[in-house]
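Observations on the model geometry
Below, each chain spelled out in residue letters.
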Amino acid sequence: MNDPNLMAPLAAFHGRKPPAPVWFVQAIAQEPERTFIEIEGAKVEILAWGERGRRGLMFLHGGAAHADWWSFIAPFFAKDHRIVAPTFTGMGRSGWRERYLFEQFLRESREAGRAAGAFDGGKPIVVGHSFGGRAAMGLSRDYGPELTGAVMVDPPFFAPQNIRPPSPPRPSRTRRAQQSLAALVARFRLMPPQPCENLFILDHIARRSACEAVDDDGRPGVALCFDPHFWEKFTRIDPVPIVSAAHCPLALIRGAKSQLFKADDADYLMSLIAPGSPHVEIPEAEHHVMIDQPLAFVAALRALFAGWP
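Everything in this summary refers to the structure shown in the same document. Position numbers for residues start from 1 in each chain and track the written sequence from start to end. At least 70 in pLDDT is required for a residue's local features to be given in this predicted model, at least 80 for side-chain atom pairs to be given and counted, and no such filter applies to totals for whole chains, interfaces and linings, which use all residues. The basis for the side-chain values is all heavy atoms of the structure; hydrogens and waters are excluded.

1. Things to note about the packing of helix α3 (residues 102-116) against helix α4 (residues 131-142)
Definition in use: To get an axis, fit a line to the C-alpha atoms, keeping to the stretch in contact for a helix; angles then go from 0 to 180 degrees between the N-to-C directions. Secondary structure counts use DSSP, requiring at least four H or I residues in a row for a helix and at least two E residues in a row for a strand, with both numbered from the N terminus. An angle below 35 degrees is treated as roughly parallel, one above 145 as roughly antiparallel, one from 65 to 115 as roughly perpendicular, and anything else as oblique. Residue contacts are counted whenever heavy atoms from the two residues lie within 4.5 Å of one another. Only Asp, Glu, Lys and Arg are considered charged, only Ala, Val, Leu, Ile, Met, Phe, Trp, Tyr, Cys and Pro nonpolar, and every remaining residue, Gly among them, polar.
Packing of α3 against α4 leaves a shortest axis separation of 9 Å and a crossing angle of 80°. The angle between α3 and α4 places the two elements in the roughly perpendicular class. Each of F102, E103, F105, L106, S109 and R110 in α3 lies in contact with α4, whose residues at this interface are F131, R134, A135, G138, L139, R141 and D142. Looking at side-chain class alone, the contact of α3 with α4 contains six nonpolar, two polar and five charged residues.

Here it is, written out as structure tokens:
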């Protein structure tokens, strides 16, 4: 945890952007449509690519993340799909709530998808990473007949022997503002911590995670666009009965080096869903699959969509 390559991987750049390959520059140049809608009393940010009326594809981000985590992945599918990526409330530039409920995130995802055109071309496919993978499970349970299928990407789902005891209550976090965007980027890291070779992606995400804010001590500056009390306000759920009650086809993608979602966790999850469901491992990827191996991840999704479900 004291390794600066894990805890502050962008600090050595002192606010400068790391060099990026051509494919990445071209992808992020395809700016999405950015809109907000109100859902159950809170604003929800929506990013969208591609023409309405095409086959729908929804991307759901992980915990404490936001829709721009997909901004270098979604353009690879924009030629053939209408892509919609909402930001869950409490995260990114979406609004905050007094409390956060799992079922409410499912309704947010569905309503955002409908508002932005993911359902215009028929039943969409949903792809969810980490926390978003659990949301994809939930959508398959509650709204499965409305979906073509759901892809879970390295979800937090554990075999019985790997379930960890609940963490003790933590004191409330304070929101601390940095003096500049460069200072915030220098402190940005992945959670859970892991090595990151594609620092140009991490830098891009960090910059789009920032907003002007006044911290809990009254100091103005730049802070993460994330409710610091989110996990205190969130009602946790058991994913086993959710995934076991899916009403649409499911597929699984795992980072082969993931330390969060291990091989025996994946085997347990696969034992609970329909036999023959696709299970793909991305070599050399850890938990943050789209950052670790973005082009392999794109290729895996393209191959999956070509023959499944």
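Moving on from the coordinates now.
2. Some thoughts on the packing of aromatic side chains
Note the cut-off: We call Phe, Tyr and Trp rings a pair once their centres come within 6.5 Å, taking the six-membered ring for Trp, and we label the pair stacked below 30 degrees between planes, edge-to-face above 60, and tilted otherwise. Accessibility here uses a 1.4 Å probe with only protein chains present; expressed as a share of the type maximum, an area under 20% marks a residue as buried, one over 50% as exposed, and anything in between as partly exposed. Charge-over-ring contacts are defined here by two conditions on Lys NZ or Arg CZ: a distance within 6 Å of the ring centre and an angle within 35 degrees of the ring normal.
In total, this model carries 24 aromatic pairs according to the counting rule given. Between Y100 and F105, the aromatic rings sit 6.1 Å apart at their centres with planes inclined by 10°, giving stacked as the arrangement. F105 carries the same exposure label as Y100, and that label is buried. Plain terms: the ring middles of F157 and Y268 are 5.9 Å apart, the flat faces sit at 35° to each other, and that makes the pair tilted. Here F157 is found in the loop between β6 (149-153) and α5 (181-187), whereas its partner Y268 is found in helix α9 (residues 263-271), with 111 residues between them in sequence. For F157, a relative accessible area of 0% corresponds to the buried category. These aromatic residues form a ring-pair network of at least three members: F88, Y100, F105, F131, F226, F230, W231 and F234. K43 extends its terminal NZ or CZ atom over the ring of F36, reaching a point 4.8 Å from the ring centre.

3. Topic: the nonpolar core
Across soluble globular proteins, nonpolar side chains have a tendency to be buried as a group. What counts, and what does not: Side-chain atoms within 4.5 Å are what join buried Ala, Val, Leu, Ile, Met, Phe, Trp, Tyr and Cys residues into a set we call a nonpolar core.
Counting residues in hydrophobic clusters, the biggest one holds 45 residues, and the most contacted among them are F59, V127, V151 and F297. Ignoring any residue separated from it by four or fewer positions in sequence, one finds V127 in contact with L57, M58, F59, L60, W70, V151, V153, F297, L301 and F305. Among the nonpolar cores identified, the runner-up in size contains 40 residues, and M152, F234, C248 and L269 belong to it.

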